[in-house]
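Structural overview
Listed here are the chains, written in short residue letters.
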Amino acid sequence: MERSKFLEAGEIVSTHGVRGEVKILPWTDSADFLRRFKTLYINEKAYPVKSSFVHKGCVIALLEGVEDVNAAMTLKGRTVCFARADAHLPEGHFFLADIMGAAVVTESGSPVGELVDIIQNPTQNVYVVKGEREHLIPAVPEFILRTDVENRVITVRLIEGM
């Protein structure tokens, strides 16, 4: 499966002030991660970021071409993306979008199912895997043994009742 050029990063939930700033609710691990990007995309249209700051967990951004509150209001409800090429993750890290749909197998190679959803909790994510039945697998090293992003295979250790 080919990776998308853009990754969804949040939603414009409102305007901020009268200069045309937008308030973005980030879907990333942190609002600061979203602030790293010099260009954001809405419907694949590039919007260079003139300035941004974090306020109450959201990113307040002034986007080039959005000159007043009326222009900002037209973007409310839109999904904000960043270019995958602009993202630089530490070694061993990956985007959750890159493992959605991955095959999930046990350490002995038996198929468990397909990763269909990820429940994001404050302490750890939980992988929702559908096969013959649904499995909820905490995304911790005790259960997730390997994540092969390139081949889209996740190797897990299951315990009774999982």
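Residues numbered from 1 in each chain as written. Predicted model: local features only at pLDDT ≥ 70, side-chain atom pairs only at ≥ 80, totals over all residues. Heavy atoms only, no water.

Thoughts on the overall build of the protein chain
Put simply, the rule is: Each helix is a run of DSSP H or I of at least 4 residues and each strand a run of E of at least 2, with the numbering of both proceeding from the N terminus. Exposed residues in this analysis have more than 50% of their type's maximum accessible area, buried residues have under 20%, and partly exposed residues fall in between, with area computed by a 1.4 Å probe over protein chains only. Contacts: residue pairs with any heavy atoms within 4.5 Å of one another. Note that His is not counted, nor are the chain ends; the positive residues are Lys and Arg, and the negative ones are Asp and Glu. Think of each charge as sitting on NZ of Lys, CZ of Arg, CG of Asp or CD of Glu.
A tally of regular secondary structure across the protein chain gives two helices and twelve strands. Counting helices and strands in the order they occur from the N terminus, the protein chain gives β-β-α-β-β-β-α-β-β-β-β-β-β-β. Oriented by its inertia axes, the alpha-carbon framework of the protein chain measures out at about 60 × 30 × 25 Å. For the protein chain, the proportion of its 162 residues judged to be buried stands at 38%. Pairs at least 24 residues apart make up 49% of the contacts formed inside the protein chain by residues separated by at least 6 positions. Charged side chains of the protein chain number 18 positive and 22 negative; the gap between the two group centres comes to 6 Å.

Focus on the confidence of the model for the protein chain
Applicable threshold: Confidence scores labelled pLDDT are given residue by residue by the predictor and lie between 0 and 100.
Of the residues in the protein chain, 98% reach a pLDDT of 70 or more, and the chain-wide mean stands at 93. Across the protein chain, the secondary-structure element scoring lowest on mean pLDDT is helix H1 (residues 31-35), at 93, and the one scoring highest is strand E7 (residues 103-106), at 98.

Examining the nonpolar core
Our working definition: Nine residue types can take part in a nonpolar core, namely buried Ala, Val, Leu, Ile, Met, Phe, Trp, Tyr and Cys, and a core is a set of them joined through side-chain atoms within 4.5 Å.
Within the largest apolar cluster, 22 residues are counted, with the highest numbers of intra-cluster contacts made by Val 22, Ile 24, Leu 40, Leu 63, Leu 75 and Phe 82. Every element with two or more residues in this core is listed here: strand E1 (6-16), strand E2 (21-26), H1, strand E3 (39-42), strand E5 (58-63) and strand E6 (79-83). Once residues lying within four places of it in the same chain are set aside, the contact partners of Leu 75 are Ile 12, Val 22, Ile 42, Tyr 47, Leu 63 and Val 66. The next biggest cluster of nonpolar side chains, apart from the first, holds 15 residues, and it includes Ile 99, Val 104, Val 112 and Ile 154.

Examining the pairing of strand E11 (residues 144-148)
Basically, it comes down to this: Paired strands, as defined in this entry, are two strands with at least two bridges between them according to DSSP.
Where E11 meets strand E12 (residues 153-156), four bridges bridge the pair, whose relative direction is antiparallel. Across the sheet, the residue bridging to Ile 144 is Val 156, located in E12. Between E11 and E12, which pair antiparallel one after the other, the connecting turn spans four residues, and Arg 152 there sits at a positive phi close to 55°.

What to know about the state of the cysteines
Basically, it comes down to this: Note on terminology: disulfide denotes any pair of cysteine sulfur atoms within 2.5 Å.
Using the criterion set out here, one finds zero disulfides in the structure. Among the cysteines around Cys 58, which has no disulfide bond, Cys 81 carries the closest sulfur, lying 17 Å off. Taking relative accessible area as the criterion, Cys 81 reaches 14% and is therefore assigned buried.

Points about the pattern of salt bridges
As a reminder, the rule being used: Only one rule defines a salt bridge in this text: a Lys or Arg side-chain nitrogen within 4 Å of an Asp or Glu carboxyl oxygen.
Inspection of every chain in the model, using the stated rule, returns five salt bridges. For the salt bridge of Lys 130 with Glu 134, the shortest nitrogen-to-oxygen distance reads 3.6 Å. With relative accessibility at 46%, the residue Lys 130 sits in the partly exposed group. Its relative accessible area of 41% is what places Glu 134 among the partly exposed residues.

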